[in-house]
Amino acid sequence: MKKIKVGLVGYGFSATVFHTPLLSVLDEFHISKVMSSNPEKVKSDLEGVEVVSNLSELLEDDSIDLVIITTPSGMHYEMVKDALRAGKHVIVEKPMVVSEKEANELIQLAKEQDVQLSVYHNRRWDNDYLTVKQLIEEGKLGDVKMYEAHFDRYRPAVRDRWRENEGPGSGALYDLGSHLIDQALHLFGMPEFVQADVFGQRDHARTDDYFHVVLGYGSLRVILHSSAIVPSNGPRFQVHGTEASYIKYGIDGQEDMLRAGKKPVDDTWGADHPEHYGKLTTGEGETTEIETLHGSYVTYYQKIADSLLRGEELPVSAEEARDVVKVIEAAFESSKEKRAVYFN
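The model shown is predicted, which means the values in this text are computed figures rather than measured ones.

## Structural notes on empty space enclosed by the protein
Here the idea is plain: a probe the size of a water molecule rolls over the atoms and shows the empty space left. Tallied over the entire structure, the rule returns 2 cavities of 30 Å³ or more. Approximately 190 Å³ is the volume attributed to the largest cavity. The wall of the largest cavity is formed by 16 residues, among which Arg153, Arg161, Ala172, Arg202 and Asp209 lie closest to the centre. Sorting the residues of the lining of the largest cavity by element identifies α7 (172–188) and β10 (220–227) as the ones contributing at least two each. Here the residues of the lining of the largest cavity sort into 3 nonpolar, 4 polar and 9 charged. Quantified by volume, the second largest cavity comes out at close to 40 Å³.

Below, the structure written as structure tokens:
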């Protein structure tokens, strides 16, 4: 089997938790080089991997097929551009970039270079979202009229890290909002309008840590919400249709498992706790417990391998990721101007 040789850019939380554990269980991939300022950590985790100190050293390696960029969001545009110009296939962490203009430039460059560009929107493979998606597609809810998704946390103290400091791509809307928006667009497509409230809610907040985003689709309303001051979470998902409602508590546990050093090596991966199974309630008041589907972040990389080795469709296209950024920009505009922002 031909292996896809990978150059990994950055070796922080994203790389060590969300990328290397998944790549390590798939025979199609081999991490051959890592760009990092912490070579000791890389070498202790990844035996035999060469560590370089800058991107150009990695891109000059003709044997590398795929570059995976896991650096802070404000660095994505220039790094992706350099990698595409070097003729490499590229995966970049979400958000793709910080503006629609940057995204369109990279999409055009990937086409000119005849290489693949994808964005790691892994939460399309959360167990709760997969279950919601299946229920909607099977018509169990009827005509969906309201879809509400939360990504709430209890982190009342502001920390000194790039996501919580002022800068391009920082803040909750670019970080957590990217996930919720991508899920919604994957289900419903681009909305007619966006109306949003986005601001720093915590004392001494340096960037946004709260958002309430409403996407309008005819008679459907999609509500996407996040706050950093939620000591006790409400439902993760509430979806209401003409035939039934589905309400789900709890969040997919894959991140916690990856943080704990576990890998997706058997069929128990991505299973939900039975006490968190959602409830489907019909208009007649009949309630059924719905076993949550298994989550599978590794599916993203399985599909990347299928794309690069067998010519199949990318799991997340650059155009889809560009639309997420477009909605984020519209949400900031809506919040600032206190009005709905309509798409042409």
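## Focus: the sheet that holds strand β14 (residues 287–290)
Taken together, 9 strands build an open sheet; the order of strands is β14-β13-β12-β11-β7-β10-β9-β8-β15 and the sheet is mixed. Where the open sheet ends on each side, the last strands, each with one partner, are β14 and β15 (341–342). Looking at chain direction, strand β9 (residues 210–217) and β10 are connected through 8 bridges and run antiparallel. Pairing of valine 213 across the sheet is with leucine 224, part of β10. Together, β7 (144–150), β11 (237–241), β12 (244–248) and β14 form the strand contacts of helix α6 (residues 127–137), whose direction differs from that of β11 by roughly 5 degrees.

Rules used in this analysis
- Residues numbered from 1 in each chain as written.
- Predicted model: local features only at pLDDT ≥ 70, side-chain atom pairs only at ≥ 80, totals over all residues.
- Heavy atoms only, no water.
- 1 Å grid on protein atoms, 1.4 Å probe; cavity = no way out; pocket = protein on both sides within 12 Å on 5 of 7 lines; lining within 4 Å.
- Points joined across faces, edges and corners; volume = space filled by probe spheres on them.
- Helix = DSSP H or I, 4+ residues; strand = E, 2+ residues; numbered from the N terminus.
- Nonpolar A, V, L, I, M, F, W, Y, C, P; charged D, E, K, R; others polar.
- Pairing = 2+ DSSP bridges.
- Contact = heavy atoms within 4.5 Å.
- Axes fitted to C-alpha atoms, helices over the stretch in contact; angles between N-to-C directions.

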